[in-house]
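A look at the structure
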Amino acid sequence: MLYKYCEERGVAHKRLGKLIVATGVAETAKLDMLQRNAKESGVDDLQLMEGSQAMEVEPELRCLKALLSPSTGIVDSHSLMLSLLADAENLGTTISYNTAVISAHVGSEGIELHVCDSKELQNYPVGSHVNPQLVLLPKLLINSAGLSAIPLARQFRGLDCAFVPTPHYARGCYFTLSQTKSPFRRLIYPLPEDGGIGVHVTLDLNGLVRFGPDVEWISDDGNDPVSCFLNRFDYSVNPARCNVFYPVVRKYFPNLKDGSLEPGYSGIRPKLSGPGQHPSDFVIQGEDVHGIPGLVNLFGIESPGLTSSLAIAEHIVSRYL
Ligand SMILES: Cc1cc2nc3c(=O)[nH]c(=O)nc-3n(C[C@H](O)[C@H](O)[C@H](O)COP(=O)(O)OP(=O)(O)OC[C@H]3O[C@@H](n4cnc5c(N)ncnc54)[C@H](O)[C@@H]3O)c2cc1C
């Protein structure tokens with residue numbers, strides 16, 4: 001869906017392909033599991049390769065076996081968002097910027113949404129009660145507040161808290177490669193790790209190489225909806241974390257030179273499973289789940305939420321509109 005959309009709207013993208021690599025003997029069986037899981041999920045273009053075949057197409061790579069995903073690619077995410085925004089506005093959507101949803105009353109008799117100017121929130125200490133400046137009466141409310149989706153749902157009076165999962169947050173840092181020429185033409189991924197998909201090679205449309213994201217579990221201080229909406233998470237990248245990156249990356253890229261990694265940026269994942277727990281899928285809850293007409297909650301929309309955005313939207317439209 002995303003490739004088709006990008007082609008129709010002229011959004012820059014590249015179908016680079018991805019190699020998921022096993023660097024130890026114990027990992028090779030996991031590639032088979034990934035391929036089986038992909039097939040069961042409707043992805044049937046993955047090809048298992050011997051390490052020698054993979055290293056022939058990517059000479060800087062070291063691995064024992066690899067799984068090639070030829071349909072993986074990259075997209076200019078900002079152009080994609082601008083294009084979706086233009087589409088929405090052309091269809092008559094009004095976007096209310098700098099506006100925070102602070103709470104709601106939800107029930108079978110309708111939804112009452114409490115809203116205030118987000119600048120107002122700056123003055124409220126953590127955990128305090130915020131008075132709404134405006135009350136809206138929407139026919140449909142899609143809570144797609146990302147990191148705030150769970151703390152916000154906890155402020156929906158009338159929604160049974162049994163339907164609101166426990167949030168977990170994991171920071172992911174990226175380090176950029178200082179050398180300008182990319183050692184790889186494809187995205188290179190190790191096997192998934194606890195809490196993430198592994199410190200992998202990401203290429204952007206300008207050919208810049210990044211390694212990441214790692215997984216750093218952080219406390220859920222952001223549980224307070226005001227803190228969450230103001231995004232009071234710490235996004236700084238600790239340069240010392242590169243010491244974790246070098247050995248991990250060298251497992252598949254042994255020629256990585258000392259001193260060649262520079263702090264890039266970080267992001268926070270809204271996760272539904274905590275350290276050591278089985279990974280969770282996206283949760284999309286509508287009336288069929290929680291019994292409240294017109295309310296759709298989206299929880300745990302972490303990677304690949306951007307790739308899946310059009311499919312998620314289609315799913316909501318077909319089920320709840
Ligand atoms: C490190 C990292 C790497 C990633 N890599 C990939 C990748 O390679 N591919 C991929 O597909 N995905 C990737 N993702 C995931 C992707 O970024 C997310 O899945 C996607 O952004 C989720 O979109 P969303 O609209 O649900 O939430 P968000 O993008 O978080 O948007 C939520 C919006 O709601 C607003 N909001 C929050 N609270 C309130 C409130 N109370 N009132 C009003 N507005 C509110 C926020 O300001 C924000 O604008 C990555 C994420 C991270 C952190």
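The structure reproduced in this document is the subject of the present report.

Reading guide: rules and limits
Residues numbered from 1 in each chain as written. Predicted model: local features only at pLDDT ≥ 70, side-chain atom pairs only at ≥ 80, totals over all residues. Heavy atoms only, no water. Near = heavy atom within 4 Å. Polar contact = N/O pair within 3.5 Å; in protein donor to acceptor, adjacent residues only side chain to side chain. Helix = DSSP H or I, 4+ residues; strand = E, 2+ residues; numbered from the N terminus. Nonpolar A, V, L, I, M, F, W, Y, C, P; charged D, E, K, R; others polar. Core = buried A, V, L, I, M, F, W, Y, C linked by side-chain atoms within 4.5 Å. Buried < 20%, exposed > 50% of the residue type's maximum accessible area, 1.4 Å probe, protein only. Contact = heavy atoms within 4.5 Å. Phe/Tyr/Trp six-rings, centres within 6.5 Å; stacked < 30°, edge-to-face > 60°. Lys NZ or Arg CZ within 6 Å of the ring centre and 35° of its normal. Axes fitted to C-alpha atoms, helices over the stretch in contact; angles between N-to-C directions. Parallel < 35°, antiparallel > 145°, perpendicular 65-115°, else oblique. Pairing = 2+ DSSP bridges.

Looking now at the site of the ligand. Near the ligand you find 19 residues, and of these V101, F229, I301, G305 and T307 are the closest. Contact between the ligand and P304: an oxygen atom at 3.4 Å from a main-chain N or O atom of the residue. Backbone polar atom of L306 to an oxygen atom of the ligand: 3.1 Å apart, as the coordinates give it. Listing elements by their share of the shell around the ligand, those giving two or more residues are strand 6 (99-107) and strand 16 (261-271). The leading source of residues in the shell around the ligand is strand 6, at 3 residues. Of the residues contributing to the shell around the ligand, the split by class is 10 nonpolar, 8 polar and 1 charged.

Moving on to the nonpolar core. The tendency in soluble globular proteins is for nonpolar side chains to be buried side by side. Counting 37 residues, the largest nonpolar core has L19, L61, F211 and Y252 as its most contacted members. Secondary-structure elements contributing two or more residues to this core are strand 2 (18-22), helix 2 (25-40), strand 4 (65-69), strand 11 (168-177), strand 12 (187-189), strand 13 (200-203), strand 14 (209-212) and helix 8 (242-250). Setting aside chain neighbours within four positions, we find Y252 in contact with V21, T23, E60, L61, R62, I188, P190, V199, H200, V201 and F211. Residues V106, L113, L141 and L159 belong to the second largest nonpolar core, which totals 17 residues.

On to the packing of aromatic side chains, then. Enumeration according to the criterion identifies 5 aromatic pairs in this entry. Ring geometry for Y174 against Y265: centres 4.9 Å apart, planes inclined by 40°, an arrangement best described as tilted. Here the residue Y174 occupies a position in strand 11, and Y265 occupies one in strand 16, the gap between them amounting to 91 residues. Between F184 and F253, the aromatic rings sit 5.1 Å apart at their centres with planes inclined by 70°, giving edge-to-face as the arrangement. With F184 in the loop between strand 11 and strand 12 and F253 in the loop between helix 8 and strand 16, the pair connects residues that are 69 residues apart, well separated along the chain. The same class applies to F184 as to F253, namely buried. One aromatic cluster is present, formed by F184, F211 and F253 through successive ring pairs. Positioned above the aromatic ring of Y3, the side-chain terminus of R15 is 3.7 Å from the ring centre. Stacked on the ring of Y189, the Lys or Arg K18 has its end atom at 4.3 Å from the ring centre.

What follows covers the packing of helix 1 (residues 2-9) against helix 4 (residues 77-90). Two elements in contact, helix 1 and helix 4, have axes separated by 11 Å at closest approach and are oriented at 75°. Relative to helix 4, helix 1 is oriented roughly perpendicular. Listed contacts from helix 4 to L2, Y5 and R9 of helix 1 are L80, S83, L84 and D87.

Before going further, it helps to examine unusual backbone geometry. The omega torsion across G212 and P213 is -15°, close enough to zero to call that bond cis. When you line up the elements, P213 lands in the loop between strand 14 and strand 15 (216-218). Between S303 and P304 the backbone carries a cis peptide bond, its omega angle lying at 10°. Locating P304 in the fold gives a position in the loop between strand 18 (295-299) and helix 10 (309-320).

Considering the arrangement of structural elements, one finds G286 in the loop between strand 17 (283-285) and helix 9 (287-290). As for G286 and S52, which are separated by 234 residues in sequence, their C-alpha atoms are 49 Å apart. Discounting chain neighbours no more than four positions away, the residues touching G286 are G291, L295 and Y320.

The next point concerns the sheet that holds strand 8 (residues 134-136). Through backbone hydrogen bonds, the strands of a sheet pair up, either in parallel or in antiparallel fashion. Pairing in this open sheet of 4 strands is mixed, and the strands run 8-7-6-10 from one edge to the other. Each of the sheet's edge strands pairs with one partner strand only, and the pair in question is strand 8 and strand 10 (156-157). Summarising the sheet, strand 7 (residues 110-117) and strand 8 pair through 3 bridges and their orientation is antiparallel. Within the sheet, the bridge partner assigned to L113 lies in strand 8 and is L136.

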